[in-house]
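# Descriptive structure summary
Chain by chain, the residues run as shown.
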Amino acid sequence: MRASLAVFGPVLRNHDLRPAAAAFAGFQAAEYAVWVAMLVYAFDQGGTTTAAIVAVVQLVPSAVFAPIGGALADRYPAARVLAAGYLAQALALGATAVAILAGGAPPLAYALSAIAATAVTITRPTQAVLLPELSRRPDELTAATLRIGWIETGMPLGGPAVAGA
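Before going into details, it helps to say that this report is about the structure given with it.

Conventions we followed
- Residues numbered from 1 in each chain as written.
- Predicted model: local features only at pLDDT ≥ 70, side-chain atom pairs only at ≥ 80, totals over all residues.
- Heavy atoms only, no water.
- Salt bridge = Lys/Arg side-chain N within 4 Å of Asp/Glu carboxyl O.
- Helix = DSSP H or I, 4+ residues; strand = E, 2+ residues; numbered from the N terminus.
- Buried < 20%, exposed > 50% of the residue type's maximum accessible area, 1.4 Å probe, protein only.
- Expected span 1.5 Å × (residues − 1).
- Contact = heavy atoms within 4.5 Å.
- Patch = residues over 30% accessible without salt bridge, like charges linked within 9 Å, V, L, I, M, F, W, Y side chains within 5 Å.
- Areas by Shrake-Rupley, 256 points an atom, 1.4 Å probe, with all protein chains shown as cover.
- Axes fitted to C-alpha atoms, helices over the stretch in contact; angles between N-to-C directions.
- Parallel < 35°, antiparallel > 145°, perpendicular 65-115°, else oblique.
- Left-handed = near helix turned anticlockwise from the far one by under 90°.
- Nonpolar A, V, L, I, M, F, W, Y, C, P; charged D, E, K, R; others polar.
- Phe/Tyr/Trp six-rings, centres within 6.5 Å; stacked < 30°, edge-to-face > 60°.

### A few points about the pattern of salt bridges
Counted under the stated rule, the structure contains 1 salt bridge. Across the pair arginine 124 and glutamate 31 runs a salt bridge, and its minimum N-O distance is 2.7 Å. Separated by 93 residues along the polypeptide, arginine 124 in helix H6 (residues 123–134) and glutamate 31 in helix H3 (residues 17–75) bring together distant segments of the chain.

This is the structure in structure tokens:
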């Protein structure tokens, strides 16, 4: 186990990669937690049909925007694109939470969650562009890629677990 964790040393020693990996972990947890929370909210509002409609409402705009969002880091500085993507996600998720907590406006909450889900499409491709820029050596890039992979495999369970708690 100790040898497995030692591979993360290069990420932990790089002051640019460390916050990028931590931010990605937070992003992953939020993405899955919100997805589950929104579907539970939609189910509570109108059952399986409403939950299915909300899933489609979130996925279709995301699928349409993904090629555009994925190309943003090729045209603009990746760090700025990632920061803007995280900001858009935070604002949309916050607005979704306010709409849910205010009560009485589920369609608004569904629309805002679709905006949040669309903003999420910016993160992964931008992260892929940014990691090589932040890495000084190949071992740092390898460790960062491994850490991101571990985050992506752990958070589909971790995010919903946090939302459920």
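### A look at the environment of glutamate 133
Mapping glutamate 133 onto the fold places it in helix H6. Overall, glutamate 133 belongs to the exposed group, its relative accessible area being 53%. Taking the C-alpha atoms as reference points, glutamate 133 and glycine 158, separated by 25 residues in sequence, lie 28 Å from one another.

### Some thoughts on helix H5 (residues 106–120)
Since the α-helix turns once every 3.6 residues, residues separated by three or four places project in the same direction. The end-to-end C-alpha distance of H5, which contains 15 residues, comes to 21 Å, matching closely the 21 Å that a straight helix rising 1.5 Å per residue would cover. For H5, the buried fraction is high: 11 of the 15 residues fall into the buried class. Here H5 has its buried residues at Pro106, Ala109, Tyr110, Leu112, Ser113, Ala114, Ala116, Ala117, Thr118, Ala119 and Val120. Contacts from the buried residues of H5 go to H3, helix H4 (78–102) and H6.

### Details of H4
For H4, spanning 25 residues, the distance from its first C-alpha to its last is 36 Å, which sits close to the expected 36 Å at 1.5 Å a residue. Taken residue by residue, H4 has Ala78, Val81, Leu82, Gly85, Tyr86, Gln89, Ala92, Thr96 and Ala99 as its buried positions. The elements touched by buried residues of H4 are H3, H5 and H6. Phi for glycine 103, located one or two positions after H4, is positive at around 70°.

### Things to note about a nonpolar patch on the surface
A contiguous nonpolar surface patch, about 270 Å² in accessible area, is contributed by Val56, Val60 and Val64. Within the fold, valine 56 resides in helix H3. We classify valine 56 as partly exposed; its relative accessible area is 48%.

### Overview of the packing of H3 against H6
With their axes 3 Å apart at the nearest point, H3 and H6 run at an angle of 165° to one another. In terms of orientation, H3 and H6 fall into the roughly antiparallel class. In this structure, H3 crosses over H6, and the sense of that crossing is left-handed. For the pair H3 and H6, contact is made by Leu17, Ala20, Phe24, Phe27, Gln28, Glu31, Tyr32, Gly70, Ala73 and Asp74 and by Thr123, Arg124, Pro125, Thr126, Gln127, Val129, Leu131 and Leu134, respectively. Looking at the contact of H3 with H6 residue by residue, the class counts come to 10 nonpolar, 5 polar and 3 charged.

### Points about the packing of aromatic side chains
According to the stated counting rule, one finds 3 aromatic pairs in the structure shown. Aromatic pair phenylalanine 24 and phenylalanine 27: ring centres 5.4 Å apart, planes at 45°, arrangement tilted. On the criterion of helical spacing, the pair formed by phenylalanine 24 and phenylalanine 27 is a turn pair, its members being 3 residues apart in helix H3. Of the two residues, phenylalanine 24 and phenylalanine 27, neither departs from the other in class, the shared state being buried. Put simply, the rings of Phe24, Phe27 and Tyr86 touch in pairs and so form one group of aromatic residues.

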